[in-house]
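As a plain string of letters, each chain reads:
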Amino acid sequence: MKLLKFGGTSVGSAESIKTVAEIVATYHREQIKCAVVVSAMSGITDKLIAISEKAASGDESYLELLKELEKHHFDTARTLINVHAQSRVFAYLKTLINELDDLLHGAFLLKERSPRTLDLVLSFGERLSAYLISQYMKELGIDADFLDARKVIRTDANFNAAKVDFESTNQNINEYFTANKALQIITGFVASTADNETTTMGRGGSDYTASIFGAALNAEEVEIWTDVDGVMTADPRQVKNAFSLEAISYLEAMEMSHFGAKVIYPPTIQPLLNKNIPLRIRNTFNREFPGTVISRNPYATQNTPEGNEKLMAVKGISSIKEVALLSLQGSGMIGIPGISSRLFGALARRKINIIIITQASSEHSISFAVSPTDAKLAQEAMDEEFAIEISTGKIDKAIVEQHLSIVAIIGENMRQTPGISGKLFSALGRNGINVRAVAQGSSEVNLTVVISQRNLSKALNTVHEAFFLSETKTLNVFMAGLGLIGSTLLKQIAQQGSTLFENRLLRINFIGIINSRKMLINEAGIDTNHWQALLEQDGSASDMGTFVHRLKELNLPNSVFIDCTSSDYVIKYYQEVLQSAVSIITPNKLANSGTYKTYQQLKQTAMRAGVKFLYETNVGAGLPVIRVLQDLKDSGDKIYKIEGVLSGTLSYIFNSFQEGRKFSEVVKEAQQKGYTEPDPREDLNGMDVARKILILSREVGLTLEPEDVEIQNILPQQCLEAPDVESFFQTLESIDDEMEAKRKKAAEEGCKLRFIAILEDGKASVQLQEVGETHPFYSLSGSDNIISYHTARYKERPLVVKGPGAGAEVTAAGVFAEVISISNFLYQQ
C-alpha cells in the first residue's frame, strides 16, 4: 500500500485537482492500493485566518471574505462535478459553509478567537477540499470515500500544535481501514481530542497526517506530492543552480527541515523512521520525475547536474532567513558549574526555542540563536537570572545582535570527509562574508554558521557552488567604460566564452555595463554578443552612484568590477566597491598615480576585504611589467634601476621619426592611425609616462608623489597653450627644425632618440634621450614598449620585457588575463 499526500498548490484549482485525480487513477489502474491525504486548496488556510481575525475584531467585512471563499469552492465544484450530481455536492458544501458562518458569527459577537476556535475554523479548509476531491474521484468511476481525519486521529488539547496519541490513533486507523475498502480521501492537518474537540497539528501538518496513516498501515512508501522536484540541494528561489537529490537519509531530512527546508514538515519523519518506511517527495506538475527518496539507507552516490556520479559529503544547504544572536559573557563564568543550566533553564521557563548553541573553549561566553520575536524576552530572562552577577561585574548584560541569518550544510558523509569546514570557510571568506558564530553537532551531520542577513543569498550561492558545482566557476562582472578597450574586451570574451568553459569550466557573466550615457544591469546576465543593442533598448540613464549601489545591493558571489574608463570620477567609487568584497581590475592609471595616500588606501582596503586590486595594464598594457617586478621583489632581488619606453604612442613617433620626415608629419600620422589621444598633446606632454613610472616607483616601495616625477617637456609652451588641436599642429610645425637637429645629432653619434622613463636612486624622471647601439632600447620598432630591470641578480645584463604597448586589443587582452587570474584566486582550494 502507498500513502499519497497532495499539498495546497497541488489542489489549488480545478485543473490541478484533475491532475491529482489522474495520478491517483493511474495507481488505481495499476492495482496499487493507496490512500490519499489532501491539504486545503492553495491560499485557503491563510484566508481562513484572515476571516477569523476580522470577525474577532468586530469587522463585518469578514462576511465578504467568507462569500469569496464559498464562491471559490462552488466554482471549483461546477468545473469538476457533472451537472446531475451537483445539487448533492452543493448541499454538502453549503452545510459546511453554514457551519463555518455560525462559528465566525459567534467570534464576531464575542470579539474573541481562542486557539480552540481557530483550530475549528481552520479545519474547514481541508474538509472542503477533501470532500470535493472524493466526489470528483467518484465522477471518474473510482470507489472513493471522504474521511474526516478527526474521526481517527487522537491528540491532546494543545490547540494549534496538538500532540498525537499514537496508541489510540493507530488502533482507530486500522479498525477504520479494515471496515472500509474504498479509496480514502483524507483531510490533512486536522485531528480531535478524546472529547471530540477539533485540533490541528501545526502548519504543514498534512504531511504529518500522511506519515501517521502510512506508519499505522505499514505502507510500502509515503509519497508527498508538492510543486518542486523533490528535496533540493538549496532553496531554488535563492539558488538558481539548485537541483533535486535522488536520495537522502532520515537524519539528513530532519536536519534540513530544522534549518528551514520548506519541502518537509519536521515531525513528518519520526513515525516513518520508527517503521523504516521510505518517504518520497514528488512534483505533481512533473509526474515523470522520480523525486527524492528519504530512507534509512539512501543511495551512496548521487547524479550531479553534470551527470557524473560521485559520493556527496554535503547533501544540502538550508537556511533560516532571520535570527537573533544572544551572548552571555564575563570572567565570572569561567570554571563555575551550573551557568549553562541556569541560562537554558531560564529560557525554557519562558518557552523560548533555541535554534543553535555555541560556547567558547575558554568558557568566557555562550552564544545562541533564537527567533527575532523571542529576542527581547530571552534578553530579559538572561538579565533577570544573572542579575546578581551583572550587578557585581562578573557577567555582562545580555548582548543581542539582530538582522542575522543561519546557513547550514548537511550530510551524513561529512563525518568521514576531511576538509569540509575549510572548504566552507574558505568559500565564505573569499567572498567577504564574515561568520559571526559557528556550531557543529557531535554527530557531524551539520555545520552551521551565523552571518549577516544581507549576505544570505550571496552565502547560499557561494556555498552551493563550492560543494555542488565546484568543477565549474562563474565570475559576475560589472564594467564601466564601453569605449575602445571595454568594447574590445566584451568582444574577446564573447569569442572565447565557449572555449573558456570547455577548457577551464569558467563562465564570465556580465551583470552590469555602463558608459557616459547609459547603463544596463541584468542579474541573469547580459549577452556579450548583443550588448550594444541591449544597452540601447533596455538601458537606463547613466548614473555611477546608482550602478555601484546596485552592485552592492545584488551582493552576488565572485563579483568583479572592471574600470575601462580614463575617468577620475569612477575611481572615487573604488573604495566603496572594494569594501563590498568585490575585486577591481583596471587599466585606468589615475587611481594609482594620484596621491600616495589614495594608492595605499586602495591596496590596504583590498587586503582587509580579502579581494584583489589588479592594475597590470596601468603601465605596460598587455605586458607583464608589474608582475615581473613583484616576482623579483618577492623572490628577494634588489632593484637598482628601472628604465622604460612606456608609451606605445611615443615609441611609434620616435621610431618613425627618421631622416627625410618632419616631426609634425609623424605626429599627424600617429594621430590618423589612432595611436594618439584625440589631442596628441596628452601623449607628448609626458604626463602619461610620468604616471606609469610613478606607479612602478610605488611598486618598488618608494613613497613618491606626482610632483616628485621630473618631466622634461618635448613641446614648447606655445604648443601646449594652442587653443585647439588644429592650432596645435600649426604651432608644432615651428619646432620641426629643432627636432630635426636633435635627430641628426643623435644619428651622427650612432644613436637614436627615445622618450624614456627612469627610476634610480629613489628619483623618477621622464626625458628624451639618445641611446646607442649597445642599449636594449636602440632596436625598438613600431609601437612596442620596452622596460629593463637592473637588479642585484641582473647586474651585467638587465632583465628586459618588450612587446606591443598600445592599442585596444593588447590592453583588453591584459585585462582579460587578469579576469582569469581573479577566477584562479576565487576558486583556489
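Residue indices follow the written sequence of each chain, beginning from 1 at its first position. Totals for whole chains, interfaces and linings use all residues, but because this is a predicted model, local features are given only for residues with pLDDT of at least 70 and pairs of side-chain atoms are given and counted only at 80 or more. Each side-chain value is worked out from all heavy atoms of the structure, with water and hydrogens disregarded.

**Student:** Is there a simple way to explain the packing of aromatic side chains in this structure?
**Tutor:** Two numbers describe a pair of aromatic rings. These are the distance of the centres and the angle of the planes. Aromatic contacts are taken between Phe, Tyr and Trp rings whose centres are within 6.5 Å, Trp giving its six-membered ring; a plane angle under 30 degrees counts as stacked, one over 60 as edge-to-face, and the others as tilted. Summed over all chains, the structure comprises 19 aromatic pairs. The interplanar angle of 70° and the centroid separation of 5.4 Å between the aromatic rings of F657 and F663 together place this pair among those described as edge-to-face. Neither F657 nor F663 differs from the other in exposure class; each is buried. Put simply, the rings of Y92, Y131 and F146 touch in pairs and so form one group of aromatic residues. Counting as a charge over the ring demands two things of the Lys NZ or Arg CZ atom: a distance within 6 Å of the ring centre and an angle within 35 degrees of the ring normal. Cation over ring: K111 sits above F108, and NZ or CZ is 5.8 Å from the ring centre. Only protein chains enter the area calculation, which uses a 1.4 Å probe; residues under 20% of their type maximum are buried, those over 50% are exposed, and those in between are partly exposed.

**Student:** Would you take a moment to explain the confidence of the model for the protein for this structure?
**Tutor:** Known as pLDDT, the predictor's per-residue confidence is scaled from 0 to 100. Per-chain confidence: the protein averages 92 in pLDDT, with 97% of residues scoring 70 or above. By mean pLDDT, strand 11 (residues 301-303) is the weakest element of the protein at 45, and strand 4 (residues 183-187) is the strongest at 98. Within the model, pLDDT remains below 50 along residues 300-310, and this stretch shows 25 contacts once partners closer than five positions in the same chain are excluded. Each helix is a run of H or I in the DSSP string that is no shorter than four residues. Each strand is a run of E no shorter than two, and both are numbered from the N terminus. Residue contacts are counted whenever heavy atoms from the two residues lie within 4.5 Å of one another.

**Student:** How do you make sense of the nonpolar core when you look at a structure like this?
**Tutor:** Soluble globular proteins tend to bury their nonpolar side chains together. Core analysis: the largest hydrophobic core is formed by 80 residues, its most contacted members being I153, F177, F213, I294, I406, I409 and F467. In terms of residue count, the dominant contributor to this core is helix 14 (residues 456-468) (7 residues). Ignoring sequence-local partners within four residues, the contact set of I294 consists of V231, I248, S249, Y250, A253, I264, I269, I277, P278, L279 and I281. Nine residue types can take part in a nonpolar core, namely buried Ala, Val, Leu, Ile, Met, Phe, Trp, Tyr and Cys, and a core is a set of them joined through side-chain atoms within 4.5 Å. Counting 79 residues, the second largest nonpolar core, distinct from the first, contains L551, Y573, A581 and L623.

**Student:** Can you walk me through the packing of helix 2 (residues 44-56) against helix 5 (residues 115-139) in this structure?
**Tutor:** Any two packed helices are characterised by the angle at which their axes cross and by the distance between the axes. Between helix 2 and helix 5, the shortest axis-to-axis distance is 9 Å and the interhelical angle comes to 145°. For the pair helix 2 and helix 5, the sense of crossing is right-handed. Contacts from I44, T45, L48, I49 and S52 of helix 2 reach helix 5 at L118, V121, L122, F124 and G125. Considering only residue class, the contact of helix 2 with helix 5 consists of 7 nonpolar, 3 polar and no charged. Axis definition: a line fitted to C-alpha atoms, over the contacting stretch in the case of helices. Angles run 0 to 180 degrees between N-to-C directions. Crossing handedness follows the turn of the near helix against the far one: under a right angle anticlockwise gives a left-handed crossing, and clockwise gives a right-handed one. Here the nonpolar group is Ala, Val, Leu, Ile, Met, Phe, Trp, Tyr, Cys and Pro; Asp, Glu, Lys and Arg are the charged ones; every other residue, Gly included, is treated as polar.

**Student:** So what exactly am I meant to see when it comes to the sheet that holds strand 28 (residues 752-760) here?
**Tutor:** Picture the strands of a sheet paired through backbone hydrogen bonds; they go either parallel or antiparallel. What the 6 strands build is an open sheet, ordered 27-29-28-26-30-31; its pairing is mixed. The sheet terminates laterally at strand 27 (709-711) and strand 31 (799-804), the two strands that pair on one side only. Going from strand to strand, the sheet's axes swing by 20° on average, the running direction of each strand aside. Inspection of the sheet shows strand 28 paired to strand 29 (residues 763-771) by 9 bridges, in the antiparallel sense. Note on strand 29: the bridge partner recorded for F755 is L768. Helix 28 (residues 736-748) contacts strand 28 and strand 29 of the sheet and is inclined by roughly 75° relative to strand 29. If DSSP finds at least two bridges between two strands, the strands pair.

**Student:** I tried to follow the sheet that holds strand 20 (residues 506-514) on my own but got confused; where do I start?
**Tutor:** Spatially, 7 strands are ordered 22-21-20-19-23-24-25 in an open sheet, and the strand pairing comes out mixed. Of all strands in the sheet, those bounded by a partner on one side alone are strand 22 (540-541) and strand 25 (613-614).

**Student:** What exactly am I supposed to notice about the packing of helix 1 (residues 14-29) against helix 3 (residues 62-80) here?
**Tutor:** Interhelical geometry of helix 1 versus helix 3 gives an angle of 50° and a closest axis separation of 9 Å. The angle between helix 1 and helix 3 falls in the class oblique. Seen along the crossing, helix 1 lies across helix 3 with a hand that is right-handed. Of helix 3, the residues touching helix 1 (which contributes A14, I17 and K18) are T76, T79 and L80. Here the residues of the contact of helix 1 with helix 3 sort into 3 nonpolar, 2 polar and 1 charged. Angles are sorted into four bins: roughly parallel if under 35 degrees, roughly antiparallel if over 145, roughly perpendicular if 65 to 115, and oblique for all others.

**Student:** Honestly, the pairing of strand 4 in this entry has me stumped. Any pointers?
**Tutor:** A regular strand carries its side chains on alternate faces of the sheet. The buried fraction of strand 4 is high, at 5 of 5 residues. Residue alternation in strand 4 divides its side chains into two sets, L183, I185 and T187 and Q184 and I186, and both sets are buried. Across 3 bridges, the pairing between strand 2 (residues 34-38) and strand 4 is parallel. Across the sheet, V36 pairs through a bridge with I185, a residue of strand 4. Across 4 bridges, the pairing between strand 3 (residues 144-147) and strand 4 is parallel. Its bridge partner lying in strand 4, D145 is registered against Q184. Handedness of a crossover is defined as follows: orient the strands so they point away from the viewer, and if the path from the first strand over the helix to the second runs clockwise, the crossover is right-handed. Crossover handedness for the path strand 3 to helix 6 (residues 166-179) to strand 4: right-handed.

**Student:** Please clarify how helix 5 should be interpreted in this entry.
**Tutor:** Along an α-helix, residues three or four positions apart point the same way, because every turn accommodates 3.6 residues. Here helix 5 spans 37 Å end to end across 25 residues, near enough to the 36 Å set by a 1.5 Å rise per residue. Across the 25 residues that make up helix 5, a large majority, 19, are buried. Just past helix 5, the residue G141 takes up positive phi, approximately 85°. Multiplying one less than the number of residues by 1.5 Å gives the expected span of a helix.

**Student:** Could you clarify how one ought to interpret unusual backbone geometry in this entry?
**Tutor:** Residues other than glycine predominantly adopt negative phi, and peptide bonds predominantly adopt the trans conformation. If you check the backbone angles, N196 has positive phi at about 65° while not being a glycine. Mapped onto the elements of the fold, N196 is located in the loop between strand 5 (190-192) and strand 6 (198-200). Overall, N196 belongs to the exposed group, its relative accessible area being 57%. Phi is positive for N218, which is not a glycine, with a value near 50°. Position of N218 relative to the elements: it lies in the loop between helix 7 (205-216) and strand 7 (221-226). You can call N218 exposed: its relative accessible area is 51%.

**Student:** How do you make sense of the pattern of salt bridges when you look at a structure like this?
**Tutor:** Put simply, a salt bridge is a Lys or Arg side-chain nitrogen that is within 4 Å of an Asp or Glu carboxyl oxygen. The full count for this structure, using the stated rule, is 42 salt bridges. The closest approach of N and O atoms between D688 and K692, which form a salt bridge, is 3.3 Å. A residue pair is termed a helical-turn pair when its members lie 3 or 4 positions apart in one helix, as D688 and K692 do in helix 25 (residues 687-700) at 4 residues. The residues D688 and K692 share a single accessibility class, namely buried.

**Student:** Help me understand helix 25 in this model?
**Tutor:** Between the first and last C-alpha of helix 25 there are 20 Å, a value that for 14 residues agrees with the 20 Å anticipated at 1.5 Å per step. In terms of burial, helix 25 is a largely internal element, 11 of the 14 residues being buried. Those residues of helix 25 not exposed but buried are D688, V689, A690, K692, I693, L694, I695, L696, S697, R698 and E699. G701 lies just past helix 25 and shows a positive phi near 125°.

**Student:** Help me understand the environment of T26 in this model?
**Tutor:** Along the polypeptide, T26 turns up in helix 1. Since its relative accessible area comes to 25%, T26 is described here as partly exposed. N or O atoms closer than or at 3.5 Å make up a polar contact, with two conditions inside protein: a donor-capable atom paired with an acceptor-capable one, and, for residues adjacent in sequence, both atoms drawn from side chains. Side chain to side chain, T26 and R29 meet in a polar contact 3.2 Å long.

**Student:** What is the right way to read the side chain of T448 from this model?
**Tutor:** Relative to the helices and strands, T448 is located in strand 18 (residues 446-452). Take T448: its relative accessible area is 1%, and that puts it in the buried class. Polar side-chain contacts of T448 include one of 2.8 Å to the side chain of N446. Dropping the residues within four chain positions of it, T448 is found in contact with F259, I356, I406, V407, A408, A437, V438 and A439.

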